[in-house]
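Below, each chain spelled out in residue letters.
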Amino acid sequence: MKRVACAIFDLDGVLTSTTAEHFQAWSMLFLKHFGIELDPKLESLTRGVSRISSLEVLLNHYQIELSEDKKRRLANEKNRYYKHLIETFDEGNLLPGARELLETLKEREIKIALASASKNSGVLLNRLKIDGYFDYVVNPSRIKGKPNPDIFVKAQKYFGLKASECIGFEDALAGVEAIKKARMFAIGVGFEDLSKADLVVESLPQLTNGILDRILEGKQVHGRHRTSSSKNRT
Ligand code: BG6
Ligand code: MG
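Anyway, here's the lowdown on the structure attached to this text. (Residues numbered from 1 in each chain as written. Chains lettered and ligands numbered in written order. Predicted model: local features only at pLDDT ≥ 70, side-chain atom pairs only at ≥ 80, totals over all residues. Heavy atoms only, no water.)

## Examining the overall build of the protein chain
Next, step 1: Summing up its helical and strand segments, the protein chain has 10 helices and 7 strands in all.
Next, step 2: Relative to the globule expectation of 17 Å for 234 residues, the C-alpha radius of gyration of the protein chain, 18 Å, shows essentially globular dimensions.
Next, step 3: Seen along its three principal axes, the alpha-carbon backbone of the protein chain occupies a region of about 50 × 35 × 30 Å.
Next, step 4: Relative to its full complement of 234 residues, the protein chain shows a buried share of 51%.
Next, step 5: Side chains of the protein chain carry 36 positive and 31 negative charges; the gap between the two charge centres is 5 Å. (Helix = DSSP H or I, 4+ residues; strand = E, 2+ residues; numbered from the N terminus. Rg over C-alpha atoms; globule rule 2.2 N^0.38 Å. Buried < 20%, exposed > 50% of the residue type's maximum accessible area, 1.4 Å probe, protein only. Lys, Arg positive; Asp, Glu negative; His and termini not counted. Charge placed at Lys NZ, Arg CZ, Asp CG, Glu CD.)

## Side note on the pairing of strand β2 (residues 111-114)
Next, step 1: Across 4 bridges, strand β1 (residues 6-9) lies against β2 in parallel orientation. Residue pairing across strands places Ala7 opposite Ile112, the latter belonging to β2.
Next, step 2: Pairing geometry for β2 and strand β3 (residues 136-137), over 2 bridges, is parallel. Within β3, the residue paired with Ala113 across the bridge is Tyr136.
Next, step 3: Read as a crossover between parallel neighbours, the route from β2 over helix α6 (residues 121-127) to β3 is right-handed. (Pairing = 2+ DSSP bridges. Right-handed = clockwise from strand over helix to strand, strands pointing away.)

## Overview of the coordination of the magnesium ion (ligand 2)
Next, step 1: Looking at the magnesium ion (ligand 2), the protein donor atoms are Asp10 (OD), Asp12 (O) and Asp171 (OD), and they sit 2.0 to 2.1 Å from it.
Next, step 2: Counting residues between consecutive donors of the magnesium ion (ligand 2) along the chain gives the motif D-x1-D-x158-D. There is no split in this pair, since Asp10 and Asp12 are both buried. (Donors = N, O, S within 2.8 Å, 3.2 Å for Na, K, Ca; no water.)

## Topic: the environment of Pro140
Next, step 1: Mapped onto the secondary structure, Pro140 falls in the loop between β3 and α7 (150-158).
Next, step 2: For Pro140, a relative accessible area of 16% gives the class buried.
Next, step 3: Each C-alpha atom, one on Pro140 and one on Ser50, is 8.7 Å from the other, the two residues being 90 residues apart in sequence.
Next, step 4: Filtering out sequence-adjacent residues up to four positions away, Pro140 remains in contact with Ser116, Ala117, Ser118, Lys119 and Ile151. (Contact = heavy atoms within 4.5 Å.)

## Details of the side chain of Asp171
Next, step 1: Within the secondary structure layout, Asp171 lies in the loop between β4 (166-170) and α8 (173-181).
Next, step 2: Within polar-contact distance, the side chain of Asp171 engages the side chain of Arg47 at 3.4 Å.
Next, step 3: For Asp171, the residues in contact, after removing those within four places along its chain, are Asp10, Asp12, Gly13, Val14, Thr19, Arg47, Val189, Glu192 and Leu194. (Polar contact = N/O pair within 3.5 Å; in protein donor to acceptor, adjacent residues only side chain to side chain.)

## With respect to helix α4 (residues 68-85)
Next, step 1: Helix length check: α4, at 18 residues, gives a terminal C-alpha distance of 26 Å against a target of 26 Å (1.5 Å per residue), a fit within 8%.
Next, step 2: Looking only at α4, the buried set comprises Lys71, Leu74, Ala75, Glu77, Lys78, Asn79, Tyr81 and Tyr82.
Next, step 3: Looking at the buried positions of α4, the neighbouring elements they touch are α1 (19-34), α3 (51-61) and α6. (Expected span 1.5 Å × (residues − 1).)

The values reported here are purely geometric and, on their own, carry no functional implication.
So, in structure tokens, the structure goes:
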């Protein structure tokens, strides 16, 4: 791995915690249309994947078959619930350490990109007041969803960099897989089993300056690194 020139971020679950809101919106939809209370365990399967793929995961689980048109209408309805739930989001909804990390990367003149599957990411960046940190936001509209690596590769190519000069941050298994398929250094954030990542931290403040410095200098390529508390979980 070379010295890092670009950091590519997922948004939901990495910089802001919208995980509960996304799943609450799905729960409202399934209760209303199918009288089903969603099993909370399904949440992790919808993480990182597109709106329509999330719906399909949930429908498959409950063996519900619908036309493409009906799926589209339900996905739109879920989005209306979701948008309502994030209406009040502001800087207070940034996850701990998010702004500090973006600030540090900016100071070190590292390019910052967003690789979120969410079509609501622009609105959120704005409400969280972090849009100014991003040099490039990948439009997820016509890109194959995670775990396909395309969204991360798109950011890499935009800057004309090598994969070995980029690092990715993800809270979802599908996202970590996408980063690894893109041949980048993957930092997993959160409590999920992200053991495919090169480094796992439970939250961004655990990425202390010492660890971050080594990663940015390209010294963390070989081997796997865990914070001591995450080590106990895997
Ligand atoms: C991801 C979330 O960031 O965005 C998923 O983790 C969500 O749960 C996906 O399905 C798409 O989001 P949106 O806002 O376009 O429905
Ligand atoms: Mg995420």
